[in-house]
Amino acid sequence: MIKQKTLYLNCHSYYSLRYGTITPENLLKIGQYYGISAMALTDINNTSACLDFVRLSVNYNIKPVIGVDFRNAAQQQFVVLARNNNGFKNINDYLSHHLCHDLPFSNRTQKMSDTFVIYPFQNEIEIEALRENEFIGVAIKDLNRFRFSKYINHLDKVVILQTVSFTNKKDFNTHRLLRAIDNNTLLSKLPLEQQGTIHDIVKSADDIVKAFEEFPEIITNTERLLDACNIDFDFSQQKPNNKKAYTGNTDLDFKLLKKLAYEGVTYRYAEVNDVLLDRIAKELKIIKEKGFVSYFLINWKILKYARSKGCFYVGRGSGANSVIAYLLRITDVDPIELDLYFERFINLYRTNPPDFDIDFSWTDRDDITKFIFNRFEHTALITVYNTFKYKASIRELGKVFGLPKHEIDVLASGSFNFDALDELSKLVITYSKRIQGFPNYLGIHAGGILISEKPIHYYTATFMPPKGYVTTQFDMVVAEDVGLYKFDILSQRGLGKIKDAVEIVKYNNPDDVPIDIHDIKRFKEDNHIKYLLKNAKAIGCFYVESPAMRMLLKKLQVDNYLGLVAASSVIRPGVAKSGMMREYILRYRYPERRRDAHPVLLNIMPETYGVMVYQEDVIKVAHYFAGLNLGEADMLRRGMSGKFRSREEFLKVKDAFFENCKKSNKGLDLTKEIWRQIESFAGYAFAKGHSASYAVESYQSLFLKAYYPLEYMVATINNYGGFYQTEYYVHEARMHGGIIEAPCVNNSGINTIIKGKSIYIGFKFLHAFEDKMGIKILKARQAHGAFFDLDDFIDRVNIGIEQLIILIKINAFRFTGKNKRELLWEAHMKVSKSVVNDHEITLFKPNRKAFVIPELPQNPLEDAFDEIELLGFSLCSPFHLLREPLTDPMRAFDLINNIGRVITIQGYLVTVKRTKTSNGKMMYFGTFLDVSGDFIDTVHFPPTALKYPFRGKGIYSITGKVIEEFDCITVEVSKMERLPIIEDPRYSNTPLAS
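Residues numbered from 1 in each chain as written. Predicted model: local features only at pLDDT ≥ 70, side-chain atom pairs only at ≥ 80, totals over all residues. Heavy atoms only, no water.

Undergrad: Which parts of the structure should I look at to understand the overall build of the protein?
TA: Within the protein, the regular secondary structure consists of 38 helices and 23 strands. A globule of 994 residues ought to have a C-alpha radius of gyration of about 30 Å, and the protein, at 33 Å, matches this closely. Taking the principal axes of the C-alpha coordinates as reference, the protein spans close to 100 × 75 × 65 Å. Of the contacts formed within the protein by residues at least 6 apart in sequence, a portion of 70% connects residues at least 24 apart. (Helix = DSSP H or I, 4+ residues; strand = E, 2+ residues; numbered from the N terminus. Rg over C-alpha atoms; globule rule 2.2 N^0.38 Å. Contact = heavy atoms within 4.5 Å.)

Undergrad: Help me understand the sheet that holds strand E1 (residues 8-11) in this model?
TA: Within a sheet, each strand pairs with its neighbour through backbone hydrogen bonds, oriented either parallel or antiparallel. Reading across the sheet, the eight strands line up as E7-E6-E5-E4-E3-E2-E1-E8 and stay open at both edges, with mixed pairing between neighbours. Two strands lie at the open edges of the sheet, namely strand E7 (158-160) and strand E8 (163-164), each paired on one side alone. One ladder, built from two bridges, connects E1 with E8; its direction is parallel. In the strand pairing of E8, cysteine 11 is matched with valine 164. Its contacts with the sheet put helix H3 (residues 85-100) on strand E3 (63-72), strand E4 (75-82) and strand E5 (115-120), and the angle it makes with E3 is roughly 20 degrees. Packed on one face of the sheet, helix H7 (residues 216-227) meets E1, strand E2 (38-44), E3, E4, E5, strand E6 (134-138) and E7 and runs near 80 degrees to E7. (Pairing = 2+ DSSP bridges. Axes fitted to C-alpha atoms, helices over the stretch in contact; angles between N-to-C directions.)

Undergrad: How should the pattern of salt bridges be read in this particular structure?
TA: Pairing between side chains of opposite charge can happen when their charged atoms approach one another. For the structure shown, the criterion picks out 49 salt bridges. Among the salt bridges present, the one from glutamate 134 reaches arginine 108, with a minimum N-O distance of 2.7 Å. Of this pair, glutamate 134 sits in strand E6 while arginine 108 is found in the loop between H3 and E5, placing the two residues 26 residues apart along the sequence. Residue glutamate 134 is classed as buried on the basis of its relative accessible area, which comes to 1%. Between aspartate 596 and arginine 593 there is a salt bridge, and its shortest N-O distance comes to 3.7 Å. For arginine 593, a relative accessible area of 31% gives the class partly exposed. (Salt bridge = Lys/Arg side-chain N within 4 Å of Asp/Glu carboxyl O. Buried < 20%, exposed > 50% of the residue type's maximum accessible area, 1.4 Å probe, protein only.)

Undergrad: Just checking my understanding: could you explain a nonpolar patch on the surface for this structure?
TA: Nonpolar side chains collect at one region of the surface, where Tyr262, Val272 and Leu277 lie side by side and expose about 240 Å² of accessible area between them. With respect to the helices and strands, tyrosine 262 occurs in helix H8 (residues 250-268). (Patch = residues over 30% accessible without salt bridge, like charges linked within 9 Å, V, L, I, M, F, W, Y side chains within 5 Å. Areas by Shrake-Rupley, 256 points an atom, 1.4 Å probe, with all protein chains shown as cover.)

Undergrad: Can you walk me through the sheet that holds strand E16 (residues 739-741) in this structure?
TA: Strand order across the open sheet formed by three strands is E16-E18-E17, with mixed pairing between neighbours. The open sheet terminates on both sides in strands that have one partner only, identified here as E16 and strand E17 (753-755). Along the sheet, successive strands turn relative to each other by an average axial angle of 25 degrees, direction set aside. By the bridge criterion, three bridges tie E16 to strand E18 (residues 758-760) in an arrangement that is parallel.

Undergrad: Any chance you could explain the state of the cysteines here in plain terms?
TA: Should the sulfur atoms of two cysteines be covalently bonded, the bond is a disulfide. Scanning the model with the defined rule gives zero disulfides in all. No disulfide involves cysteine 100; its sulfur sits 16 Å from the nearest other cysteine sulfur, which is in cysteine 50. The cysteine cysteine 876 is free of any disulfide, with cysteine 744 supplying the nearest cysteine sulfur at 19 Å. For cysteine 876, a relative accessible area of 23% translates into the label partly exposed. (Disulfide = S-S within 2.5 Å.)

Undergrad: Help me understand the nonpolar core, please; the structure alone is not making it clear to me.
TA: The nonpolar side chains of a soluble globular protein tend to be buried, and buried together. Membership of the largest hydrophobic core comes to 105 residues, with the highest contact counts inside it found for Phe793, Leu804 and Leu807. Ranked by residue count, the leading element in this core is helix H30 (residues 688-707), at seven residues. Residues in contact with phenylalanine 793, not counting those within four places in the same chain, are Val745, Ile777, Phe787, Ile799, Leu804, Leu807 and Phe813. Residues Leu51, Ile160, Leu403 and Val428 belong to the second largest nonpolar core, which totals 94 residues. (Core = buried A, V, L, I, M, F, W, Y, C linked by side-chain atoms within 4.5 Å.)

Here it is in structure tokens:
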């Protein structure tokens, strides 16, 4: 019997989305187990796993062959294998064209050079029609028919096409469930043509050879075909594959970078010294040596364009550790002033470029993205693999099995006894565990863009998501593996708030001196800003407004820039998880506590008292404490992201860490503790430059909050807030003296606007109110002035009854002096339900019939319920809606005088944070507003949280012990209940007050 070991031409990983069930690495393990020397990965209409498959194959001594299984749904049209890298590009070109234009595949492919094409036997392609590189593929299940087919006399054009999609029967069952999910149908109704077959379970090479033993020529053809395929990608990361030269010439690139750097000195520095010049020369040398010059210049060009369009941006990430980035205005953080660790930015051991995460206003980012795609060739967005999570897999499988919604809800909640479940529910749970972590569909990375020297299709196929830009089929990890490093073009609402606030200040305070929002040096010394920081009065301000940050600022009594930089990183989960956040607070407030730090750690990190706070602290500790070289330390830094934790090279670094500490006589307990702290960072710690960049934006928002709180709150509301919901920014504006007005047809705009101290909520915040209707109102007002009454409005604005009712119910016609019930009566008499074409303004107003309206009394509290319905919150105090009014309630400022006592206080729920204790039980942190509008912070330990759960929005009566720690007051809750509110007077039988 002839034995060949290269017979797998059509293998699917689970990147054959909602079809395959095997990880790419497990495919290689299967190949290794069966002793084969080559294997082809041909996922269905997908190349996500191809490069990773090639990278991993060396570990299994298997020659990788890559290609695509082209299918319409589950129906196989043909398989195409890449003979070489150019063939892979051609495959990607072809696949991408069909994916981007949503075209089905025909049963014949176009001519593709450097490829092999295999048509499945059942497609019955004519032999005469086959090109030189095209073959017929036969599976074991086809052999009986094949013996009597027209192909039997043309064995030179036949190869083995034995599909591998599943490892066993359970995998096949999982596949059928995935196909049912993809087809949005019950498993019992899944058509056979929409699924694979049991024959696609993996068979050993020996079994395949045995099945084809009467056709040795077919076996030889298959082996030769695989032998002829040779893919070569460089995964050493020794050189970037990004666009190599911004100007088209690397020498000119460096001259331009050098010129821009020295031109930037006069802009950034009042005095020039040797420290600065030495740092510039050092960075330029290494940037050139590592081939990162074009990376800097492309970022510079993008941001030069952004400034020309008046876009606000913040450059952050490890690139903020670079003085060259500072001089090119990529970042606004002076790394010399902050002593930012240069080796975190870039070093000779580092293979990938430093990160420049560029944040733009959410309203500007699309324009920047468009510019990049228009300006640079070979550009694409990066995908992310959206995987099946627990709840999603439960819900999808529940539907596939036909479970009713209430049963699916129970399973998704996790609150059930598995043994008490029926068989179908048990299957849902069992198979949900199997598909958790499977890629479900391809999404778009938050802001990653590739600009490649070679065409993107050299590396991957692309698809066209609704965003309208071609997007890779592999993620950022695979991109980095092959030397493609992303440009991060991100968006955030914080910058939108700052930009809009500056404009609002201009129109509401025309006589004030224009704001220089970039005068950070002045902001750092401003006493009003220091007061806001130290007292944590920063609601609405970027990164410093959350309850956790508010409490940390109080505990640290931060009133300076460097303190805020540290706090921005200390608040991150990694530092908190390691227990070092508390230790940092103790050492910050009690200097004698700093003596507890290990002398080496204190010497490495004197600024943070021997506590690891920033990412570069890990590099410092690895280098100076554990004796790792900078290359190993950088590997550790990358490993903290979680992307590389399972990789062999990261595990080697861990071994070296412990081995070096042992050799330098550091105790095992100490070494374990330091390593535990490093591990806890796990992708959560910030680089110091990153924190410093965030702190700059915080200072800009703090300045606006300090001097123009009302204008800043209006900008915050229009940018849809920040950490909190719109309601609480409206509340904050009221706390600063703002007069809050409901939308008004004579004063409001689409956005919320301010006139003096009066703030008119914008039309866009009205539920179910159409944007185009708000635009019509503004146009009518601009053309012919304010409206006189309801008749005048109806004459000038073409509006249907449903939209008019919304305006009346929100009291947008209050200037008429009529109550809402009278206006609603009039509206129904004068406006039809259908909207006709826009009518023209005539010279003479039509005479409208005057109706005698009966007296229609209205309860003043009706407004509150209309506001809750249309805005999501009432414009009056929620405490006014309590069924039983509070009598002499306790207030938040009373708590400081009751430390250690059990008190009862009432609070309106703002937000809840849930977390788990060390033994896995749920506990909560609550934030409430008292009757005066001040914050109450609460802690709900597991027994209380279970007995007295949160029951949604509303006012709660809270009983608990007042606790003080580091000047922060919290209530440790022992009892809590939500208080009832009045019956909605719109539907109440209670007589209405006039």
